[in-house]
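Descriptive structure summary
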Amino acid sequence: MIVEKDPPEHTELRKLANQGFTTRALESWRSIIENTTEQLLDNVQNYGGMNVVSDLSVPLPTVILTKIFGVPETDRAKFIEWAMDITTFFGVLGGSNIEEFARKADLAAAQFSALIRQLIEQRRRQPGTDMISLLTVAYEEQGFNLEELPSLCIQILNAGLLTTTDLISNGVNALLTHPEQLQKLKKNPTLINSAVEEIIRFDTSVPFFFRIAKQDLTIGGKDITAGSVIALGLGAANHDPQKFDSPSVFDITRSPNEHLGFGSGIHFCLGSVLARMELTICLATLLRRLPNLSFDPDKQAISTKHTTLLLKGFDSLPVKF
Ligand code: HEM
């Protein structure tokens, strides 16, 4: 995976991967995000309530990614199933039957790769603005082996799915548990960008990431031997009182807000602009269309049970409007 590679291999791969996220491409995806959010809310608008997870935060990034990848309508259901099998594997709880999850993910990756290969062939003949077209052109122009492109696509898909799903749910939860902040945002919708940054700081969907020490080191007076696995507590760093005033206060006007929700350094999140765009559009549309949004007092919100340290979100988040 790109995230597990070191320079110089990482530098080359990252340069290629960046070609899938050009400013022009991102702008062309804006309307996909807007239309998909509107459609998902159309589906529930007349019901007076929904489950944020199953009705919005799971389908939104999934549909967006299928459209961004240019997956044909007929293959979308399979694509979503494979994507879930692959990403779920990375969120499997210790102690569960990891072999079974691994086998499912492996099969999904093989089938997904076969579909991507077909799409690469099509896009070579007829390039569009979808991510596979952009990456195919980049690989060819820079003389890279197109056989390796499906693997990068799987990594992008994997990194962009549950992270965004969980962040949308965490964002809705943070706003509903802080009604005064929600009111502030409703009164002044231009605060949406700053609110999104605070959501990422306050309750990031990726609280930990991992590194392997290449050499012996000492960090904060603690000796770490080469080869050790280090869990980077990004969520904890985002609540560091030496960095943030009153870190446990959720303040949508917080400034500066230099959180580590998207990591730092050479592995800084490749999809951060897309993730921010998804969250901004999704929350702004939600508050505009459902101004009376509140928790459903008759149903219980359930935090994710199945995830590792890597992901944090909700399995269920019932709301009324
Ligand atoms: C809210 C959503 C997201 C969060 C919180 C998040 C968080 C992160 C973090 C913390 C890293 C750094 C990992 C490290 O330091 O080793 C990372 C890397 C990465 N992210 Fe995201 N991410 C999100 C959404 C996305 C999306 C939507 C995509 C793509 C569609 C994406 C693609 C990637 C990739 C490919 C990397 C690896 C980059 C590299 O190794 O050079 N992410 N992400």
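Residues numbered from 1 in each chain as written. Predicted model: local features only at pLDDT ≥ 70, side-chain atom pairs only at ≥ 80, totals over all residues. Heavy atoms only, no water.

1. Describing the overall build of the protein chain
As a reminder of what qualifies: Here a strand is any run of E in DSSP of at least two residues, a helix any run of H or I of at least four, and the numbering for each starts at the N terminus. Every radius of gyration here is taken over C-alpha atoms, with the globule rule written as 2.2 Å times N^0.38, N being the number of residues. Think of it in three bands: with a 1.4 Å probe and only protein chains considered, a residue is buried below 20% of the maximum accessible area for its type, exposed above 50%, and partly exposed in between. Here, two residues are considered to be in contact whenever any of their heavy atoms come within 4.5 Å of each other. A 1.4 Å probe and the Shrake-Rupley method give the accessible areas. Residues count as covered only by the protein chains that appear here. Two residue types count as positive, namely Lys and Arg, and two as negative, namely Asp and Glu; His and chain ends fall outside the count. A single reference atom marks each charge: NZ on Lys, CZ on Arg, CG on Asp, CD on Glu.
Of regular secondary structure, the protein chain possesses 13 helices and 9 strands. Taken against the 2.2 N^0.38 rule, which gives 20 Å for 321 residues, the C-alpha radius of gyration of the protein chain at 20 Å falls within 12% of a compact globule. Viewed in the frame of its principal axes, the protein chain has a C-alpha envelope of about 55 × 55 × 40 Å. Counting over 321 residues, the protein chain shows a buried share of 48%. If you take every contact in the protein chain between residues at least 6 apart in sequence, the share linking residues at least 24 apart comes to 69%. Looking at the protein chain as shown, the accessible area adds up to about 16,100 Å², and 54% of this sits on carbon and sulfur atoms. For the protein chain, the separation between the mean place of its 30 positive charges and that of its 37 negative charges on side chains is 4 Å.

2. Looking at the sheet that holds strand S1 (residues 49-51)
Put simply, the test is: One bridge is not enough; two strands pair if DSSP finds at least two bridges between them.
Pairing is antiparallel across the open sheet formed by 3 strands, whose spatial order is S1-S9-S6. Looking along the sheet, the strands with just one partner apiece sit at the ends: S1 and strand S6 (294-295). Pairing of S6 with strand S9 (residues 318-320), which is carried by 2 bridges, proceeds in the antiparallel orientation. What sits directly across from Phe 295, in S9, is Val 319.

3. Points about the packing of helix H9 (residues 162-176) against helix H11 (residues 192-202)
Packed helix pairs are characterised by how far apart their axes lie and by the angle those axes make with each other. Just so we agree on the cut-off: For every element, the axis is a line fit to its C-alpha atoms; helices are fit only across the contacting stretch, and the angle between N-to-C directions ranges from 0 to 180 degrees. Orientation is classified from the angle alone, with under 35 degrees giving roughly parallel, over 145 giving roughly antiparallel, 65 to 115 giving roughly perpendicular, and any other angle giving oblique. Lys, Arg, Asp and Glu make up the charged group, whereas Ala, Val, Leu, Ile, Met, Phe, Trp, Tyr, Cys and Pro make up the nonpolar group; the residues left over, Gly among them, are polar.
Orientation of H9 relative to H11, taken along the N-to-C sense of each, is 100 degrees, at an axis distance of 10 Å. Considering their axes alone, H9 and H11 lie roughly perpendicular with respect to each other. Within the contact between the two elements, H9 uses Leu 167, Asn 170, Gly 171, Ala 174 and Leu 175 and H11 uses Ile 199, Ile 200 and Phe 202. Per-class residue counts for the contact of H9 with H11 are 6 nonpolar, 2 polar and no charged.

4. Digging into the coordination of the iron atom of the ligand
Octahedral metals with six donors have ideal donor angles of 90 or 180 degrees. Tetrahedral metals with four donors have an ideal donor angle of 109.5 degrees. Condition: For Na, K and Ca the donor cut-off is 3.2 Å, and for all other metals it is 2.8 Å, counting N, O and S atoms only; because water is absent from this set, sites may look incomplete.
What the protein offers the iron atom of the ligand as a donor is a single atom, Cys 269 (SG), at 2.3 Å. Mapped onto the elements, Cys 269 comes out in the loop between helix H12 (234-237) and helix H13 (272-289).

5. Digging into the environment of Phe 90
Positionally, Phe 90 belongs in helix H5 (residues 76-90). According to the relative accessible area criterion, Phe 90 is partly exposed, its value standing at 33%.

6. Remarks on the site of the ligand
Spelled out, the test is: One heavy atom within 4 Å of a molecule or strand makes the whole residue count as near it. In protein, a polar contact means a hydrogen-donor-capable atom and an acceptor-capable atom, both N or O and within 3.5 Å, with residues adjacent in sequence counting only if both atoms are side-chain atoms; elsewhere, any N or O pair within 3.5 Å suffices.
Residues in contact with the ligand amount to 26 residues; listed here are only the nearest, His 10, Arg 14, Arg 211, His 267 and Cys 269. Between an oxygen atom of the ligand and a main-chain N or O atom of Val 3, the distance comes to 3.4 Å. Elements with a contribution of two residues or more to the shell around the ligand: helix H1 (9-18), helix H8 (149-160), H9, strand S2 (208-212) and H13. Considering only residue class, the shell around the ligand consists of 15 nonpolar, 9 polar and 2 charged.

7. A word on the packing of aromatic side chains
Note the following rule: Each aromatic pair joins two rings of Phe, Tyr and Trp (for Trp, the six-membered one) with centres within 6.5 Å, and gets the label stacked for planes under 30 degrees apart, edge-to-face for over 60, and tilted for any other angle.
Scanning the entire structure with this criterion turns up 6 aromatic pairs. Ring plane angle 90 degrees and centroid distance 6.1 Å describe the contact between Phe 21 and Trp 29, whose orientation is recorded as edge-to-face. The burial state of Phe 21 is the same as that of Trp 29; both residues are buried. Centre to centre, the rings of Tyr 139 and Phe 144 are 6.0 Å apart; their planes meet at 65 degrees, and the pair counts as edge-to-face.

8. Notes on the nonpolar core
Filter applied, for reference: Throughout, nonpolar core names a set of buried Ala, Val, Leu, Ile, Met, Phe, Trp, Tyr and Cys residues whose side chains join them through atoms within 4.5 Å.
Counting 80 residues, the largest nonpolar core has Trp 29, Met 50, Phe 69 and Leu 286 as its most contacted members. With 9 residues, the single largest contributor to this core is H13. Sequence-distant contacts of Leu 286, defined by excluding residues within four places in its chain, comprise Leu 41, Met 50, Leu 56, Val 172 and Leu 293.

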